[in-house]
Amino acid sequence: QVQLVESGGGLVQPGGSLRLSCAASGSIFRFITVGWYLQAPGKQRELVAAITSGGSTNYVDSVKGRFTISRDNVKNMVYLQMNSLKPEDTAVYYCNAGGGLWERGRYWGQGTQVTISS
């Protein structure tokens, strides 16, 4: 069993930065792929980035060069550094675990709101 808790969301102006954190419990966390997903109002939840236990990563095209996913397997943490934020990045961001670099897993956090607005 894996429990996930996101933090770090907030209101930022366009061009700003945020770092999201995902804290996990569960001894298997360090062995499984973790992803960040977003869900904008009225839209389906979609992948942003994912990272394997060994550090391989995948990003959707819209965030390449702006977002960086990383993990600390000792602390059971995964991070999403978001730079050059745009209004269209506004969404609830969810941490997900147990899937693959392109597929969602069974474990979800509660989400953290990110709002990009001037």
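In what follows, the accompanying structure is described.

About the criteria used
Residues numbered from 1 in each chain as written. Predicted model: local features only at pLDDT ≥ 70, side-chain atom pairs only at ≥ 80, totals over all residues. Heavy atoms only, no water. Buried < 20%, exposed > 50% of the residue type's maximum accessible area, 1.4 Å probe, protein only. Helix = DSSP H or I, 4+ residues; strand = E, 2+ residues; numbered from the N terminus. Pairing = 2+ DSSP bridges. Phe/Tyr/Trp six-rings, centres within 6.5 Å; stacked < 30°, edge-to-face > 60°. Lys NZ or Arg CZ within 6 Å of the ring centre and 35° of its normal. Disulfide = S-S within 2.5 Å.

**Details of the pairing of strand S7 (residues 67-72)**
Phase 1: Residues Phe67, Ile69 and Arg71 line the buried face of S7, whereas the alternating positions Thr68, Ser70 and Asp72 sit on a face that is not buried.
Phase 2: The pairing of S7 with strand S8 (residues 77-82) spans six bridges and is antiparallel. Its bridge partner being in S8, Asp72 is matched across the sheet by Met77.
Phase 3: Between S7 and the antiparallel strand that follows it, S8, lie four residues; Asn76 among them carries a positive phi value of about 55 degrees.

**Thoughts on the packing of aromatic side chains**
Phase 1: Taken as a whole and judged by the stated rule, the model has two aromatic pairs.
Phase 2: Plain terms: the ring middles of Tyr37 and Trp108 are 5.2 Å apart, the flat faces sit at 70 degrees to each other, and that makes the pair edge-to-face. You can see Tyr37 sitting in strand S4 (residues 33-39) and its partner Trp108 sitting in strand S10 (residues 107-108), a full 71 residues away along the chain.
Phase 3: Residue classification places Tyr37 among the buried positions, given a relative accessible area of 2%.
Phase 4: Ring geometry for Tyr94 versus Trp108: centroids 6.2 Å apart, planes at 90 degrees, classification edge-to-face. Of this pair, Tyr94 sits in strand S9 (residues 91-99) while Trp108 sits in strand S10, and the two are 14 residues apart along the sequence.
Phase 5: Accessibility expressed as a relative area gives 29% for Trp108, which makes it partly exposed.
Phase 6: Ring pairing ties together the aromatic residues Tyr37, Tyr94 and Trp108, which thus form one cluster.
Phase 7: Directly above the aromatic system of Tyr94 lies the positively charged group of Arg45, at a separation of 3.6 Å from the ring centroid.

**Quick notes on the state of the cysteines**
Phase 1: For the structure on display, the rule yields one disulfide.
Phase 2: One disulfide in the model links Cys22 with Cys95; its S-S distance is 2.1 Å. Taking the sign of the S-S torsion, -80 degrees for the link of Cys22 and Cys95, the bridge is left-handed. Of this pair, Cys22 sits in strand S3 (residues 18-25) while Cys95 sits in strand S9, placing them 73 residues apart in sequence.
Phase 3: Using a relative accessible area of 0% as the deciding quantity, one classes Cys22 as buried.

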